[in-house]
Structures are given as structure tokens and as C-alpha cells.
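So you can see what is in the structure, the chains are spelled out below.
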Amino acid sequence: MTKKRTIDAYFGIPKAKKPRYSDTQVVTDGESASYSKHASYPFPIPHLPDALEAEISGSPAREARVIADQPDLDLLHFEPYISRSAARQLFEFLRSELPFYRVEYDIARGGIKTHIRTPRWTTVFGVDETARFEDIRSAASGLTADVLPLKDAPKGEVVDARTRKQIPVGKPNPKETPGQKGYKAIPRPIPYCLDLLRRSTEAVTGCNFNFCLVNYYASGADSISFHSDDERFLGSLPAIASFSLGAKRDFLMKHKPPKPESGETACNSTSQGSLKLPLLSGDMVLMRGKTQANWLHSIPKRSGKNEWDGGRINITFRQALVRGGTENYYQYNVGSGPVYKWNAAGQEMIPWIQPSRP
DNA sequence: CCCCTGGCAGCGCC
DNA sequence: AGGCGCTGCCAGGG
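Since the structure is predicted, the reported quantities are computational estimates derived from the model, not experimental observations.

Reading the values: the criteria
- Residues numbered from 1 in each chain as written.
- Chains lettered and ligands numbered in written order.
- Predicted model: local features only at pLDDT ≥ 70, side-chain atom pairs only at ≥ 80, totals over all residues.
- Heavy atoms only, no water.
- Disulfide = S-S within 2.5 Å.
- Buried < 20%, exposed > 50% of the residue type's maximum accessible area, 1.4 Å probe, protein only.
- Near = heavy atom within 4 Å.
- Salt bridge = Lys/Arg side-chain N within 4 Å of Asp/Glu carboxyl O.
- Helix = DSSP H or I, 4+ residues; strand = E, 2+ residues; numbered from the N terminus.
- pLDDT = per-residue confidence, 0-100.
- Contact = heavy atoms within 4.5 Å.
- Axes fitted to C-alpha atoms, helices over the stretch in contact; angles between N-to-C directions.
- Parallel < 35°, antiparallel > 145°, perpendicular 65-115°, else oblique.
- Left-handed = near helix turned anticlockwise from the far one by under 90°.

Trainee: Tell me what's going on with the state of the cysteines, and back it up with residues and numbers.
Mentor: Summed over all chains, the structure comprises 0 disulfides. Cysteine Cys207 is unpaired, with the sulfur of Cys212 as its nearest cysteine sulfur at 15 Å. A residue is classified by how much of its surface remains accessible, and Cys207, at 16% relative accessible area, is buried. Here Cys212 is not disulfide-linked; the sulfur of Cys193 is the nearest cysteine sulfur, at 8.6 Å. With a relative accessible area of 0%, Cys212 lands in the buried category.

Trainee: I'd like a rundown of the protein's contact with DNA strand B, residues and numbers included.
Mentor: In the region of DNA strand B, the neighbouring residues are Arg109, Lys276, Arg302, Ser303, Gly304, Lys305 and Asn306. Counting only atoms of DNA strand B within 4 Å of the protein, the sugar-phosphate share comes to 92%.

Trainee: Tell me what's going on with the pattern of salt bridges, and back it up with residues and numbers.
Mentor: Here the structure, examined in full by the defined rule, presents 17 salt bridges. Between Glu92 and Arg88 there is a salt bridge, and its shortest N-O distance comes to 3.4 Å. Separated by 4 residues within a single helix, Glu92 and Arg88 lie in helix H3 (residues 84-97), roughly one turn from each other. Through salt bridges that share partners, Asp195, Arg198, Arg199 and Glu202 make up one connected network.

Trainee: Describe the environment of Gly235, and please don't skip the residues or the numbers.
Mentor: Its place among the elements puts Gly235 in the loop between strand S12 (224-227) and strand S13 (240-246). As for Gly235 and Val322, which are separated by 87 residues in sequence, their C-alpha atoms are 9.2 Å apart.

Trainee: Quick one: what's the story with the confidence of the model for chain A, residue by residue and with numbers?
Mentor: On average, residues of chain A carry a pLDDT of 83, and 81% of them reach 70 or more. Across residues 141-154 the pLDDT falls below 50, and counting only partners more than four positions away or on other chains, this stretch makes 15 contacts in the model. In the predicted structure, residues 263-270 sits below a pLDDT of 50 and forms 4 contacts with residues beyond four places in sequence or in another chain.

Trainee: So what's going on with the side chain of Ser242? Which residues, and what values?
Mentor: Mapped onto the elements of the fold, Ser242 is located in strand S13. Setting aside anything within four residues of it in sequence, one finds Ser242 in contact with Asp283, Met284, Val285, Met287, Asn314, Ile315 and Thr316.

Trainee: Could you give an account of the packing of helix H2 (residues 50-57) against H3, with specific residues and numbers?
Mentor: One way to put it is that H2 packs onto H3 with a least axis distance of 10 Å and a crossing angle of 125°. With respect to H3, the axis of H2 lies oblique. Viewed along their axes, H2 and H3 form a crossing whose handedness is left-handed. On H3, the residues touching Leu52, Glu55 and Ile56 of H2 are Ser85, Ala86, Gln89 and Leu90.

Set out below in C-alpha cells:
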């Protein structure tokens, strides 16, 4: 007999969801491609080509395999979720079109200040559940359309989810907005090209997601060491959907060591308490239940013939419940350094310079 | 067929 | 947190 918790059980409980508008304005410049534009973006982010959009909308390509054969482990592995060819196109598209960052920061390690360069390219979109993006100008009486060409105007201010009042962003000066505590970060709405995948993932998993983190591992030299996405702001039992695009990389998981005071016996066998999933382009892993609370995961470095693998993009969707989540994600995935953009000719990320305006 | 060796993965320490 | 250096394993070649 198979386990009670199957993918069929998931699909068997269809969840009625309100249709939701994209948080970004749809803009079409004549016959050229349309873009997501927003004041928080360094540059407009194009929509997907129609054919690719259609293919992603038809996902998942296959049903998922449940991996829950170890204590506190609850995974769903789609092999793949996005067809291999669509995943390859999406990889190329996102690497070319998204703004990326190389976050650096200092930590004290044994009393010694150490400079950390995160060994991966990152970018992030979204805002926690206490807020949302809303076009406050459309609610105001009619002067905007004539004054500002609507086509180029950024849309979507950050507003309180409950009161729908605007929340200041970007280290707001308390004197200018008395009595209103704003965000230090400048939250960015999820662009349409990623929101499509977010909505598909919500429909398939029955989970809600308000954040999208993107990591680009340019080669085997890029990595992330063992950690859990168990931050307080995700709540207990967080569900996180993780997509792989591009090169195959190993996804390592291991059970957290037992607390010293607890009487549990450590997992000492080699196979128990750890696993390795080779993630291929288009795969999606949903980590749910007690997984984050009890397991660590990593993408280890690869060297030699595996080092120049053409690069891998990881997209994760998750739900941050409180403001601390928004501040944390922008601090550690955007930071305060320069914006980078993919340079196809040189096959590398290069600093993006704000075009000067006459 | 066996042994040697290089390369790679993994781990511990800073 | 990540980099580096040490070690042990494994595959492939001689």
C-alpha cells in the first residue's frame, strides 16, 4: 500500500482561488515586446515569448514523486515540472533579462571581522503578507492620465494589506511621514515573467507564495553551504517550491544534528539522515511540513570537468508572513552593491550603468 | 589482473 | 558564513 499523502491527494482537493492581477503594469511599445515596469526595477523586465508562456502555463510536465521515507522529511519532486526545452529557454531568458547582485557583507568570526562574498548571483521580488502592491493613483481623482503618460508611469505603491494606506519605502525619513514606520528595503513586485510560474505553482501545490528568490550559479565554483529556510518570518511548517533551470547540480540534504539535551540517537549510518538529489533542468522540489525545521540543504561546489557546466538558475517561491521577512530578503539577496546584467557577448555578468538622460 | 595515481568529493578548521 | 587544506575513495590507465 502506498503512503496516504500522495500527489493525487493534493490534486484531489481543488482550491478555489480568486483571480489575481499581476502587480506590474502591462506595457506594449508598438510592435515590440511588452514589459513589466516598476519604479523599484533598475530597468524594465520583458514578458516571456508567447510560445514559452504557453508551455509554462501547461506545466507540470509530469506528476511528482513523494520523498518522505526519512524522519521529518516531506518532499515532492517533479522530474520535470517544466519540459526540458522550455526550461532551457526560460534559463536563457531569465539570465539575460533579470537584474542580478553579488551580495557582500562582513561578519565576526571568532572575534575577527571577515568579509563574505556570497558565491552566487542573486535577485529577489515580492513583499510579505502585511503589505501588497496597489495602484493608489487610480483611486485618486483623475489628474494622472493627462499629466503622466500612463504607459510609462510606474504602477504599484506598497500599501498596508489591511488599511490600504501607502507605506513609505527605502529608509524613509520619519519626519516626512510622521507616525508611519516604513520599510528600509524597497520591495519589488514579482515581474510578469515569474508571476506566471508562481501562479502555476500555487495552483498545483495549493500553497500561497508572495516571494520569489532567484539564484544564478554561474559555474561549479558557485555554491551555497548547508542551511535551512527556517526563518521565523516564514512561520512553522513553511512550504518552499524550488525550480532548477540549466546545468545539473547535486542537491544535498542532511538531518539537523540532535539537540545535546534531547535523548535522541544520532543518525550514524551513511544513508540514513542524508540524501543526494541530482537536480536536472526543469525539475521542481517542494519542501514542506517539518522539512525546514529538521533538515539542512546545500548545493556543493563542483570542480574539474564538472566546473564549467554552463550555469544553473534556481527559483524559489515562498510566503513571508511579516515585515522582517521583506527586510531580510532584500538585505541578503539585493544588498547595496551595483546592479549586474548578463552580457551575452562576453558570457558574463557585467555592472549595469544607469543610462544618462538628456 | 592488479596496482598505482590523479582527480574529485567531503570534512574539519580557521 | 566561505575558503582552504588535508584525506580517503574511486575510476581509469598502464
